[in-house]
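Descriptive analysis of the structure
One letter stands for each residue in the lines below.
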Amino acid sequence: QVQVVESGGGLVQAGGSLRLSCTAPTLNFDDYTMGWFRQTPGKEREGVSCVGWSGTKTYYTDSVRGRFTISVDRSKNTLYLQMNSLKPEDTAMYYCAADLGDRRCTVASDFEYWGQGTQVTVSS
């Protein structure tokens, strides 16, 4: 029905960069809030960055603002998260998520469609 697939994770040194990609071929990104969440063992899933359903609004959690950039290529139905100046505390499983309409990036339970995750590990 709805496939959401993330890629781009890996192992990098502190200060390095990664770009995550998320494809959801059956979704019209103009109608959905699209976002990136991350989770580490024993912690709740955290909203990292989202782009609003209108495509004109973005959200970043305070810890990544200025380092991460979310973007959308609507022609490819692809969501990106460019992560620069990575820190060890960014280490987590990163998930792509989507939901129809306007959703709060801070509330993971609002999102209906999820990818399986891609691991980001940042060494010190």
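Up top you'll find the structure we're talking about.
Presented here is a report on the structure given in the accompanying data block. (Residues numbered from 1 in each chain as written. Predicted model: local features only at pLDDT ≥ 70, side-chain atom pairs only at ≥ 80, totals over all residues. Heavy atoms only, no water.)

Let's shift gears to the nonpolar core. In terms of nonpolar packing, the biggest core is built from 28 residues, with M34, W36, F68, L79, L81, M83 and Y94 touching the most fellow members. Contributions of two or more residues to this core are made by β3 (18–23), β4 (32–39), β5 (46–51), β7 (68–73), β8 (78–83), β9 (92–100) and β11 (118–123). For this core, the leading source of residues is β9, giving four residues. In this structure M83 touches G16, S17, L18, L20, R67, F68, Y94 and V120, once residues within four positions along its chain are discounted. Membership of the second largest hydrophobic core comes to six residues, among which are F37, C50, C105 and F111. (Core = buried A, V, L, I, M, F, W, Y, C linked by side-chain atoms within 4.5 Å. Buried < 20%, exposed > 50% of the residue type's maximum accessible area, 1.4 Å probe, protein only. Helix = DSSP H or I, 4+ residues; strand = E, 2+ residues; numbered from the N terminus. Contact = heavy atoms within 4.5 Å.)

This next bit is on the pattern of salt bridges. Close approach of charged atoms allows side chains with opposite charge to pair. Here the structure, examined in full by the defined rule, presents seven salt bridges. Of the charged contacts in the structure, one is a salt bridge between D30 and R74, with a shortest N-O distance of 2.5 Å. Of the two residues, D30 sits in the loop between β3 and β4 while R74 sits in the loop between β7 and β8, which places them 44 residues apart along the sequence. Given a relative accessible area of 35%, R74 falls into the partly exposed group. With its nearest N and O atoms 3.0 Å apart, the salt bridge here joins D90 to R38. Of this pair, D90 sits in the loop between β8 and β9 while R38 is found in strand β4, placing the two residues 52 residues apart along the sequence. When sorted by exposure, D90 lands in the same class as R38, which is buried. (Salt bridge = Lys/Arg side-chain N within 4 Å of Asp/Glu carboxyl O.)

Let us look at the state of the cysteines. What the rule picks out here adds up to two disulfides. Here C22 engages in a disulfide with C96; their sulfurs sit 1.9 Å apart. One disulfide, between C22 and C96, carries an S-S torsion of -75° and so falls in the left-handed class. Residue C22 is located in strand β3, and its partner C96 is located in strand β9; the two are separated by 74 residues in the primary sequence. Taken individually, C22 and C96 each receive the classification buried, so the pair is uniform in this respect. Paired through a disulfide, C50 and C105 show a sulfur-sulfur distance of 2.0 Å. (Disulfide = S-S within 2.5 Å.)

Strand pairing in a sheet takes place through backbone hydrogen bonds and is either antiparallel or parallel in direction. Strands sit in the order β1-β3-β8-β7 across an open sheet of four strands; the sheet is antiparallel. Unpaired on one side and paired on the other, β1 (5–7) and β7 mark the two borders of the sheet. Looking at each pair of strands side by side, their axes are set apart by 15° on average, direction ignored. Where β7 and β8 come together, six bridges link them in antiparallel fashion. The residue bridging I70 from the neighbouring strand is L81, located in β8. (Pairing = 2+ DSSP bridges. Axes fitted to C-alpha atoms, helices over the stretch in contact; angles between N-to-C directions.)

Let's shift gears to the pairing of β8. With five of six residues buried, β8 lies mostly within the body of the structure. Summarising the sheet, β3 and β8 pair through six bridges and their orientation is antiparallel. Of the residues in β8, the one forming a bridge with L20 is L81.

Functional significance is not addressed by these values, which are geometric in nature.
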